[in-house]
Structures are given as C-alpha cells and as structure tokens.
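# Descriptive analysis of the structure
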Amino acid sequence: MSSNLNALQTFDSVSGDVVLITGATGHIGFIVLQLALKAGYSVRAAVRSQEKADSLSSSPLIKALEPASRLSFVIVPDLSAPSAYDEAAQGAKYVIHLASPIPMKGYTAPEDCERVFVIPAIKGTLEMLEAAKRSGTVQRVVITSSVIALMTFKDFSQGGNAATFTADSRVPTPPNLYSGDFEAYAASKVAALNESEAWMARETLAFDLVNIMPSFVFGRNNLVTDVKDVVSGSNSALLSFLLGNKAESPLGGHSVHVDDVARTHLLALNPNVGGNQSFVTSAQTPNGMVWEDAFKFVAVHFPAAVAGGTLPCNGSQPTYDQKVDSSKTEEVFGFKHQSYEEQVKSAVGHYLELAAKA
C-alpha cells in the first residue's frame with residue numbers, strides 16, 4: 001500500500017467516475033459531497049426526500065462548484081427497505097455510505113431501541129452491499145463506522161480498559177438490553193460492522209469494503225445556519241461545557257476534525273489503498289486529549305467572547321484515559337490529523353459567527 005496519498009492531488013484523474021453517496025445532508029457527508037465534486041467525480045446522492053435534494057443543490061457552497069450534470073439525486077425514503085439502493089447503485093463505480101440512525105433530540109424508550117437504531121443500521125448496510133453486488137459495476141464500498149464499534153459500551157462509557165483500540169479491534173454484538181438512545185446507537189455500530197464483515201466473507205464479490213471509524217467529530221458544520229442547532233449536533237459535546245454545562249460522567253479523550261474524516265472517505269477510493277480493511281480517524285493518538293484543554297484554546301483564540309460572556313467557559317467535562325490508535329491511517333493516507341486545538345477553533349468559530357447573527 002502506498003503512503004503517498006497526501007492531499008487531494010490523488011483525485012486529479014477520476015474522469016467523471018460515478019460515486020454514490022448516502023448521508024450527504026449530514027455533518028461529515030456534506031463535506032464528502034463537496035470534496036467529491038471538487039475532485040471531479042460525478043456524484044449521485046441518495047436522499048430521503050426531494051426537499052433534502054433541493055436543500056443540497058441550492059447550497060451556495062455546492063452552487064459555487066458548478067456541478068451541473070455531475071450532481072444528481074435519487075430519492076430513497078426508507079434506507080432499510082428491500083432493494084432500497086438498487087436504482088441508485090446502477091452504473092456507480094464507488095459507494096460512500098454514511099447514512100445511519102443517530103441519536104437526536106428526545107428520548108427513545110429502551111424497548112424501542114432495537115427497532116429505532118440497531119435493525120435499521122444492519123438492514124441499511126446490508127441492503128447497500130446487496131445493491132453494490134447486483135450493480136455489477138461497483139468496485140469499492142466505503143462505510144462510515146465509528147470507534148465505538150471497536151469496544152464494549154462499558155469500555156466506551158466507563159473506561160478502565162488499558163488496551164489500545166485499533167482499527168482491527170472487534171467485540172461481539174451486544175444483546176438487546178439497552179438503557180437508552182446512545183447505548184443503542186453504540187450497539188448499532190457494532191452490529192453493522194460485524195454483519196457487514198460476515199456478509200463480505202461469505203459472498204463472492206467483484207468489489208471490496210473499507211470502513212472509516214471516527215472518534216468524536218468536531219468542526220464547522222456549514223449546513224447549520226441557526227445557533228440553536230449548533231449545540232445539538234456532533235459539536236454539542238464540546239460546546240456544551242464551554243457554555244456552562246457541568247458534566248458528571250467522564251468521556252474518553254479522543255476526537256477528530258470533521259475535515260480529516262471527510263477526506264479520509266475520499267482518499268479511501270484510491271485503488272492504491274488496499275480493500276477489505278478499516279481505518280480509525282482520531283487525533284493525538286494513542287494517548288488522546290483532555291476535554292477541558294478547550295478552555296485554554298478558547299482563551300487564546302477567542303478572548304473577547306470569553307471576556308464578554310458569550311463563552312462563559314464555566315462548565316466541566318472530565319476525561320478518562322482511553323487509547324485509540326490511528327497511526328495506520330496516517331501512514332497509509334500520508335497526512336497528520338489536525339489537533340484538538342484546531343477542532344476547537346473550527347467548531348467554536350462557527351458557533352460565534354452564528355451567535356453574532358442571532
């Protein structure tokens with residue numbers, strides 16, 4: 001495998017190859033969509049509704065790329081329905097599958113968690129793989145997994161495991177006994193990873209699979225235009241304690257800039273990257289970061305916001321040691337993950353822009 005895949009120069013000769021992208025209306029997916037268009041791919045985005053298609057195509061950031069016929073949409077209302085992606089996969093050379101159920105505002109009763117999170121994650125993943133097989137044209141499928149798929153929920157939520165988790169770590173799919181949304185989400189990632197790898201092992205295929213496994217994802221989200229929505233997405237874990245929330249439960253010290261996650265998805269399409277393997281995206285590994293270091297980064301980069309009370313910086317977020325190793329990713333793809341400081345600058349800078357307009 002080549003380690004000379006730095007930046008986007010590797011995409012100079014994609015010649016309009018068709019890549020099917022799901023989840024393009026998400027934090028990571030929207031950047032993947034932009035990078036794919038910049039690289040010269042013809043992008044077919046699978047979305048749940050015409051409204052979402054219109055939202056993407058009308059975005060100033062997408063319009064500025066002048067995609068014309070290189071951007072098209074396929075409406076897939078139910079991502080886990082039988083043959084849901086068959087039409088979308090026809091003629092595609094690559095698939096980047098980011099769509100998966102995620103915890104949203106509200107509460108899911110424990111008895112409903114399997115139905116809401118785990119089953120759709122498994123079915124959506126397997127339906128995509130089946131569609132890729134039936135297409136006869138797909139050469140590689142890239143799926144967004146998570147570092148949470150590499151460990152038990154106890155390890156993730158409580159720490160205490162001295163092991164270093166790598167892209168090759170695996171755990172059994174947990175039983176259907178979930179305390180709530182996030183535990184069910186974690187289980188859905190474990191289950192989807194295990195089921196997809198088992199499916200790949202038993203099928204005779206003309207394509208391979210690459211899994212991308214981000215840790216906590218922080219950074220500017222250009223789909224968000226209301227300051228209230230900034231603190232409800234993936235940046236919420238970071239912004240909440242900067243805005244005064246006092247968390248009692250510690251979190252593992254691993255995170256990644258959204259731009260690094262997005263470009264890893266695109267770089268994974270390069271044929272010099274071997275297939276049927278997984279890659280962790282996480283900065284400052286294996287020892288990770290300390291959550292409350294964000295206070296000193298904000299004080300340096302946004303002193304006026306701190307002094308004026310826009311960022312009170314009076315919350316708390318304890319950190320526990322948890323080793324997650326992304327050195328393989330940096331070696332293969334030839335880049336260094338952006339630091340926790342850069343992640344904080346990006347996410348907080350966007351929050352302050354929107355807060356100034358509110």
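Residues numbered from 1 in each chain as written. Predicted model: local features only at pLDDT ≥ 70, side-chain atom pairs only at ≥ 80, totals over all residues. Heavy atoms only, no water.

Naming follows an unreviewed UniProt entry, where the protein chain appears as NAD-dependent epimerase/dehydratase domain-containing protein of Cryomyces minteri. Word for word, the UniProt comment on the protein chain under Sequence similarities (unreviewed entry) is "Belongs to the NAD(P)-dependent epimerase/dehydratase family. Dihydroflavonol-4-reductase subfamily." (UniProt positions renumbered as here; feature names shortened; annotations may be inferred.)

On to the packing of helix α11 (residues 294-301) against helix α14 (residues 340-357). Closest axis-to-axis distance for the α11/α14 pair is 10 Å, and the angle between their directions is 60°. As judged from the angle between their axes, α11 and α14 are oblique. Note on packing geometry: the crossing formed by α11 with α14 is right-handed. Every residue of α14 that contacts α11 at Ala-294, Phe-297, Val-298 and His-301 is listed here: Tyr-340, Glu-341, Val-344, Lys-345 and Val-348. Class assignment of the residues belonging to the contact of α11 with α14 gives a composition of six nonpolar, one polar and two charged. (Axes fitted to C-alpha atoms, helices over the stretch in contact; angles between N-to-C directions. Helix = DSSP H or I, 4+ residues; strand = E, 2+ residues; numbered from the N terminus. Parallel < 35°, antiparallel > 145°, perpendicular 65-115°, else oblique. Left-handed = near helix turned anticlockwise from the far one by under 90°. Contact = heavy atoms within 4.5 Å. Nonpolar A, V, L, I, M, F, W, Y, C, P; charged D, E, K, R; others polar.)

Next up on the list: the environment of Asn-221. Residue placement: Asn-221 occurs in the loop between β8 (216-218) and α8 (227-230). Separated by 141 residues in sequence, Asn-221 and Ser-80 have C-alpha atoms that sit 26 Å apart. Once you skip the residues sitting within four places of it in the chain, Asn-221 turns out to touch His-27 and His-350.

This paragraph deals with the packing of aromatic side chains. Counted according to the given criterion, the structure contains 13 aromatic pairs. Aromatic pair Phe-182 and Tyr-185: ring centres 5.6 Å apart, planes at 45°, arrangement tilted. Here the residue Phe-182 and the residue Tyr-185 both occupy positions in helix α7 (residues 181-202), the gap between them amounting to three residues, near one helical turn. Overall, Tyr-185 belongs to the buried group, its relative accessible area being 14%. Considering the side-chain rings of Phe-241 and Phe-295, the 5.5 Å spacing of their centres and the 85° angle between planes classify their relative orientation as edge-to-face. One end of the pair, Phe-241, is in helix α9 (residues 236-242); the other, Phe-295, is in helix α11, and 54 residues separate them in sequence. According to the relative accessible area criterion, Phe-241 is buried, its value standing at 0%. Grouped by ring-pair contacts, the aromatic residues Phe-153, Phe-156, Phe-182, Tyr-185, Phe-216, Phe-218, Phe-241, Trp-291 and Phe-295 constitute a single cluster. Directly above the ring of Phe-335 sits Arg-263, whose terminal nitrogen or CZ lies 3.8 Å from the centroid. The lysine or arginine in question, Lys-328, covers the ring of Phe-279, its NZ or CZ lying 4.8 Å from the ring centre. (Phe/Tyr/Trp six-rings, centres within 6.5 Å; stacked < 30°, edge-to-face > 60°. Buried < 20%, exposed > 50% of the residue type's maximum accessible area, 1.4 Å probe, protein only. Lys NZ or Arg CZ within 6 Å of the ring centre and 35° of its normal.)

With that out of the way, let us pick up the environment of Ser-188. Examined against the element boundaries, Ser-188 turns out to sit in helix α7. For Ser-188, a relative accessible area of 1% translates into the label buried. Here the alpha-carbon distance between Ser-188 and Lys-52, two residues 136 residues apart in the chain, equals 24 Å. What Ser-188 contacts, discounting residues up to four positions off in sequence, is Phe-117, Val-118 and Ala-121.

Here the focus is the pattern of salt bridges. Opposite charge on two side chains allows them to pair when their charged atoms are near. If you walk through the whole model with that rule in mind, you get 13 salt bridges. One salt bridge connects Asp-17 with Lys-93, and the closest N-O pair in it is separated by 3.4 Å. A residue pair is termed long-range when its members are at least 10 positions apart, and Asp-17 in the segment before β1 (18-22) and Lys-93 in the loop between α4 (86-89) and β4 (94-97) qualify at 76 residues. You can call Lys-93 partly exposed: its relative accessible area is 24%. (Salt bridge = Lys/Arg side-chain N within 4 Å of Asp/Glu carboxyl O.)

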